Amino acid sequence: PQLTVTRAASKVLLAGSRRCLRLADSSSRVLALFSAAFVFLGVDEGLSVHERITQLLRGYAWMPQLRGGRAIWIFVYAVLGVSALLLFWRDLRTLYGRFRREARVMAWGGVVLVFGAVVMEIVKYQVLAGTSIPFARRIEVIVEETLEMTGATLILYGATLLWLRLKAPPTSPPTRCS
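Residues numbered from 1 in each chain as written. Predicted model: local features only at pLDDT ≥ 70, side-chain atom pairs only at ≥ 80, totals over all residues. Heavy atoms only, no water.

Colleague: Lay out the overall build of the protein in plain terms, naming residues and giving numbers.
Modeller: When its secondary structure is counted, the protein shows seven helices and zero strands. Along its sequence from the N terminus, the protein presents helices and strands in the succession α-α-α-α-α-α-α. In the protein, of all internal contacts separated by at least 6 residues, the share reaching a separation of at least 24 is 72%. Accessible surface computed for the protein: about 10700 Å², of which carbon and sulfur atoms make up 67%. (Helix = DSSP H or I, 4+ residues; strand = E, 2+ residues; numbered from the N terminus. Contact = heavy atoms within 4.5 Å. Areas by Shrake-Rupley, 256 points an atom, 1.4 Å probe, with all protein chains shown as cover.)

If you want it as structure tokens, here you go:
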């Protein structure tokens, strides 16, 4: 199900970015970035890229990691995420200024998705590691996946709202993507 949602979100975001590109607008970069991020999340989910990153970097003691050399991917993804945020800050502000509602929905979806992925990973390795509660791991997985899916769904919903708004016939004055 998560791969289906990420594929759908990337398609909607790509459609929106293509629409903006036809309008020669700068918001297309942000939508293309979101689309690429969803494609990557889908690939990561299927191929466990984050686990491979952790395995690759586990030997470096200076890397922030959780108990047992786990979850190094959180640091790597945080660096990439903050870098993208800084690189696209102006475009993100423009998108938010023009499409406030849609941007808020997508932003809250991102917060929920990151919370599910990162916070629940920390709970798994720092709190539940070695616990004697037999169903604790199952509950953690259910909460993690539910939060990730809810976040991805909110991003998809916001992207769909944005796409529908971009697709709508222009009003006067014409609505632009920027």
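Colleague: Account for the layout of surface pockets, naming residues and giving values.
Modeller: Put simply, the largest pocket is a space of about 1600 Å³. Around the largest pocket, the lining is made up of 47 residues, and of these Ala 37, Leu 41, Gly 110, Leu 113 and Val 114 lie nearest the centre. Going through the elements one at a time, helix H1 (2-22), helix H2 (27-47), helix H3 (49-57), helix H4 (73-87), helix H5 (89-98), helix H6 (100-127) and helix H7 (136-167) are the ones with two or more residues in the lining of the largest pocket. Residue contributions to the lining of the largest pocket peak at 13 residues, all from H6. Grouping the amino acids of the lining of the largest pocket by side-chain chemistry returns 30 nonpolar, six polar and eleven charged. (1 Å grid on protein atoms, 1.4 Å probe; cavity = no way out; pocket = protein on both sides within 12 Å on 5 of 7 lines; lining within 4 Å. Points joined across faces, edges and corners; volume = space filled by probe spheres on them. Nonpolar A, V, L, I, M, F, W, Y, C, P; charged D, E, K, R; others polar.)

Colleague: Describe the packing of H5 against H6, naming the residues involved and giving the relevant values.
Modeller: Close contact between H5 and H6 brings their axes to 5 Å; oriented N to C, the two are set at 125°. With respect to H6, the element H5 is oriented oblique. Listed contacts from H6 to Leu 95, Tyr 96, Gly 97 and Arg 98 of H5 are Arg 100, Ala 103, Arg 104 and Met 106. In terms of residue class, the contact of H5 with H6 is built from four nonpolar, one polar and three charged. (Axes fitted to C-alpha atoms, helices over the stretch in contact; angles between N-to-C directions. Parallel < 35°, antiparallel > 145°, perpendicular 65-115°, else oblique.)

Colleague: Can you lay out the side chain of His 50 for me, pointing to particular residues and giving the numbers?
Modeller: Tracing the backbone through its elements, the reader meets His 50 in helix H3. With a relative accessible area of 15%, His 50 lands in the buried category. A distance of 3.5 Å separates a polar atom in the side chain of His 50 from a polar atom in the side chain of Glu 51. In this structure, His 50 is in contact with Asp 44, Trp 73 and Tyr 77, ignoring residues within four places of it in sequence. (Buried < 20%, exposed > 50% of the residue type's maximum accessible area, 1.4 Å probe, protein only. Polar contact = N/O pair within 3.5 Å; in protein donor to acceptor, adjacent residues only side chain to side chain.)

Colleague: Outline H3, listing residues and values.
Modeller: Because the α-helix completes a turn every 3.6 residues, residues three or four places apart line up on one side. Those residues of H3 not exposed but buried are His 50, Ile 53, Thr 54 and Leu 57. Along the long axis of H3, the arc covered by the buried residues comes to 100°, so they all point the same way. Turned more than 90 degrees off the buried face of H3, the exposed positions are Arg 52, Gln 55 and Leu 56. (Arc of directions from axis to C-beta.)

Colleague: Tell me what's going on with a nonpolar patch on the surface, and back it up with residues and numbers.
Modeller: A surface patch of nonpolar side chains, about 440 Å² in accessible area, is lined by Tyr 60, Trp 62, Phe 75 and Val 79. Structurally, Val 79 can be placed in helix H4. The exposure class of Val 79 is partly exposed, given its relative accessible area of 41%. (Patch = residues over 30% accessible without salt bridge, like charges linked within 9 Å, V, L, I, M, F, W, Y side chains within 5 Å. Salt bridge = Lys/Arg side-chain N within 4 Å of Asp/Glu carboxyl O.)

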